Amino acid sequence: MINKNPLQQADPSIFELVEAEKKRRQEGLEMIPSENHTSLAVLEALGSLLTDKYSEGYPHKRYYGGNEFIDKVEDLAIARAKEAFGVPFANVQPYSGTPANFAVYLATCKAGDTIMGQNLLDGGHLTHGWKTSFSGIFYNSVQYHVKPDGYIDLDEARKLAQEHKPKLIWVGASAYPREFPFKEMGEIADSVGAFLAADIAHISGLVLGGAHASPVPFVHIITTTTHKTLRGPRGALIMATEKGLQKDPELGAKLDKAVFPGLQGGPHNHQTAAIAVALGEAMKPEFKDYAHQVVKNAKALAQTLMDNGLKLVSSGTDNHLMLVDLTPLGIGVGVFAEKALDLAGITLNKNTIPSDPSSPFYPSGIRLGTPAITSRGMKEEEMKHIGKWIAEVVEEIKDVKLPEAKEERPAFVKEFSQKIAENQKVKEVKDKVRELCTKFPLPY
Ligand SMILES: *Cc1c(COP(=O)(O)O)cnc(C)c1O
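Residues numbered from 1 in each chain as written. Predicted model: local features only at pLDDT ≥ 70, side-chain atom pairs only at ≥ 80, totals over all residues. Heavy atoms only, no water.

Time to look at the pairing of strand β5 (residues 114–118). Most of β5 is tucked away: five of the five residues are buried. Relative to strand β6 (residues 140–144), β5 runs parallel, the two sharing five bridges. Residue Thr114 lies in a different strand from β6, and its bridge partner there is Asn140. Pairing between β5 and strand β7 (residues 168–171): two bridges, direction parallel. Within β7, the position partnered with Ile115 by the bridge is Leu168. (Buried < 20%, exposed > 50% of the residue type's maximum accessible area, 1.4 Å probe, protein only. Helix = DSSP H or I, 4+ residues; strand = E, 2+ residues; numbered from the N terminus. Pairing = 2+ DSSP bridges.)

Attention now goes to the sheet that holds strand β14 (residues 349–351). If you trace the four strands from one edge of the open sheet to the other, you get β11-β12-β15-β14, paired in antiparallel fashion. The open sheet has two edge strands with one neighbour each: β11 (311–312) and β14. Direction of pairing for β11 relative to strand β12 (residues 321–325): antiparallel, over a ladder of two bridges. Its bridge partner lying in β12, Lys311 is registered against Asp325. Helix-sheet contacts for helix α13 (residues 285–307) involve β11, β12 and β15 (365–369), and the interaxial angle to β12 is about 15°. (Contact = heavy atoms within 4.5 Å. Axes fitted to C-alpha atoms, helices over the stretch in contact; angles between N-to-C directions.)

A few words now on the UniProt feature "domain: Serine hydroxymethyltransferase-like" (unreviewed entry) in the chain. In this numbering, the UniProt entry assigns the feature "domain: Serine hydroxymethyltransferase-like" (unreviewed entry) to residues 7–390. Secondary structure content for residues 7–390 is 44% helix and 14% strand, and the end C-alpha separation is 37 Å. (UniProt positions renumbered as here; feature names shortened; annotations may be inferred.)

As a further point, take the site of the ligand. Around the ligand lies a shell of 13 residues, among which Ser96, Thr98, Ser174, Asp199 and Lys228 are the nearest. Between the ligand and the protein, one listed contact pairs an oxygen atom with a backbone N or O atom of Gly97 at 3.0 Å. If the ligand stood free it would expose 380 Å²; the protein chains cover 86% of that surface. When residues in the shell around the ligand are grouped by element, the largest group, three residues, is from helix α5 (residues 97–108). Residue composition of the shell around the ligand, by class: two nonpolar, nine polar and two charged. (Near = heavy atom within 4 Å. Polar contact = N/O pair within 3.5 Å; in protein donor to acceptor, adjacent residues only side chain to side chain. Areas by Shrake-Rupley, 256 points an atom, 1.4 Å probe, with all protein chains shown as cover. Nonpolar A, V, L, I, M, F, W, Y, C, P; charged D, E, K, R; others polar.)

Our focus in this paragraph is the environment of Phe89. With respect to the helices and strands, Phe89 occurs in strand β4 (residues 89–91). Using a relative accessible area of 11% as the deciding quantity, one classes Phe89 as buried. Sequence separation between Phe89 and Gly244 is 155 residues, and the spatial gap between their C-alpha atoms is 9.7 Å. If we skip the residues at most four places from it in the chain, Phe89 touches Lys82, Ile238, Met239, Ala240, Gly252, Leu255 and Asp256.

Further remarks concern the environment of Leu301. With respect to the helices and strands, the residue Leu301 is situated in helix α13. Take Leu301: its relative accessible area is 0%, and that puts it in the buried class. Here the alpha-carbon distance between Leu301 and Val393, two residues 92 residues apart in the chain, equals 15 Å. When near neighbours in sequence (up to four residues on either side) are disregarded, Leu301 contacts Met31, Met322, Leu368, Thr370, Met383, Ile386 and Gly387.

Here the focus is the packing of helix α14 (residues 334–343) against helix α17 (residues 409–420). Following both chains from N to C, one finds α14 and α17 inclined at 30°, their axes separated by 10 Å at the closest point. As far as their axial angle goes, α17 and α14 are roughly parallel. α17 is crossed by α14, and the crossing has right-handed handedness. Taking contact as the criterion, the partners of Val335, Phe336, Lys339, Ala340 and Leu343 in α14 are, on α17, Phe412, Val413, Phe416, Ser417 and Ile420. Residues belonging to the contact of α14 with α17 are distributed by class as follows: eight nonpolar, one polar and one charged. (Parallel < 35°, antiparallel > 145°, perpendicular 65-115°, else oblique. Left-handed = near helix turned anticlockwise from the far one by under 90°.)

Moving on: the packing of aromatic side chains. Two measures describe an aromatic ring pair: the distance that separates the ring centres and the angle between the ring planes. Counted by the stated rule, this structure contains 13 aromatic pairs. For the ring pair Tyr105 and Phe134, a centre distance of 5.4 Å and an interplane angle of 80° mean the geometry is edge-to-face. Taken together, the residues Tyr105 in helix α5 and Phe134 in helix α6 (residues 134–137) connect sequence positions 29 residues apart. Exposure remark for Tyr105: the relative accessible area of 0% places this residue in the buried category. Overall, Phe134 belongs to the buried group, its relative accessible area being 13%. Through a chain of ring-to-ring contacts, three or more aromatic side chains come together here, namely Phe102, Tyr105, Phe134, Phe138, Tyr139 and Trp170. Above the plane of the ring of Phe361 lies Lys350, whose end atom (NZ or CZ) is 4.0 Å from the centre. Between the NZ or CZ atom of Arg409 and the centre of the ring of Tyr362, over which it lies, the distance is 5.1 Å. (Phe/Tyr/Trp six-rings, centres within 6.5 Å; stacked < 30°, edge-to-face > 60°. Lys NZ or Arg CZ within 6 Å of the ring centre and 35° of its normal.)

This next bit is on the domain arrangement of the chain. Parsing the chain into structural domains produces domain 1 (46–282) and domain 2 (287–438). One C-alpha centre belongs to domain 1, the other to domain 2; they are set 29 Å apart. The interface is formed by 24 residues belonging to domain 1 together with 26 residues belonging to domain 2. Together, the buried faces of domain 1 and domain 2 total about 2,100 Å²; carbon and sulfur atoms form 58% of this surface. (Domains from an automatic or database assignment. Buried area = accessible area lost by both parts, 1.4 Å probe.)

Take the pattern of salt bridges next. Working definition: two side chains of opposite charge can pair if their charged atoms are close together. Counted according to the given criterion, the structure contains 22 salt bridges. The shortest N-O distance in the salt bridge between Arg434 and Glu27 comes to 3.6 Å. Remark: Glu27 occurs in helix α2 (residues 12–27) and Arg434 occurs in helix α18 (residues 424–438); sequence separation between them is 407 residues. Glu27 sits in the partly exposed class, given a relative accessible area of 30%. For Lys425, the salt bridge is made with Glu428, and the minimal N-O distance between the two is 3.6 Å. (Salt bridge = Lys/Arg side-chain N within 4 Å of Asp/Glu carboxyl O.)

Below, the structure is given as structure tokens:
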């Protein structure tokens, strides 16, 4: 007899947790801007038997036999990445965004070399030189910031580059609501002979869909995760541009060597197959509509939040995400907004704001975005409701203050969570969110 529900029968504990997570997603709004809902086709490829195969090396140059079909899968993924982004080189093997970025360091720098990136608390990523990440531990890291208006401080970046002559510069971030200045950063990198890497982890889907300018003409290297706006499986790509190959004709070979054997062992072939499927989907005309709708939704949501009295970093957004500055309510209150909204069925994350007077663990803002809810088919009309609900829930925490004494904070947050769970407004919004969600079902 064929077993139709193998997981349910073999491991009911895990099966039930997956079902519970499915229900959580169906009944709530996923608004963490680095998340999305993949298609069933992507999930099927990801859950396929390709996971069993060892294939260290690259297509047609493997250390193991039996890779004739795996080679074709990886060839297809590479060809689609090159075509989709318009680049001459792609590596599809990085396990995720962090190892992809590590490979860029290995290919372009020696340990101890100077690198420059956007500061974490100003929206940058850990891997762009933050002190607790490999990138700040093994390299001499210089960080640029955003100005008080929320835009990248190009004058500072130019000055720091001249002064410190970094080997590698990063442009790209995890919490930056504006268009990235690829052209200007390209000029800065060229003026000091540095490699410029664009990390478009968050916005690669928007770039593919034509809803954000492409970095290709201005940078040497591009990295991206595949699970954010690109709407694929967890994973990453590293690409080299024509400009990059002109600077160093060996750049592609160096990037390949950095990924394997530099950093990784056998590629995750099921993941490679799912990336190929996601890239195929992202090259369809419908994906252009999706990418543009993500941005239209974000703009509509940002406007509604501001109309309802909330302050946004840089007063709006050009992309899929926005940062709410909660300092008018209090310092370090992001955690309360996150918890209250989560209980109301709206999932987003606490986040630092530029020059945050508090700390990354108790930051003064929240970060939210529209990639996942747009994948469900929601449009501007829904954004108006959601924006109003968010403002209403945030209003409920306006008198909550983070204790000054650090040791009192965990217990205070716990007590707050219990109390806010009983809040009438939170319950009301949760019901409205659930009702809205029934009209926008997920594919699974
Ligand atoms: C998400 C992200 C990454 C890292 O991705 P992981 O897959 O979580 O390792 C790298 N860079 C930026 C800018 C990101 O937003």
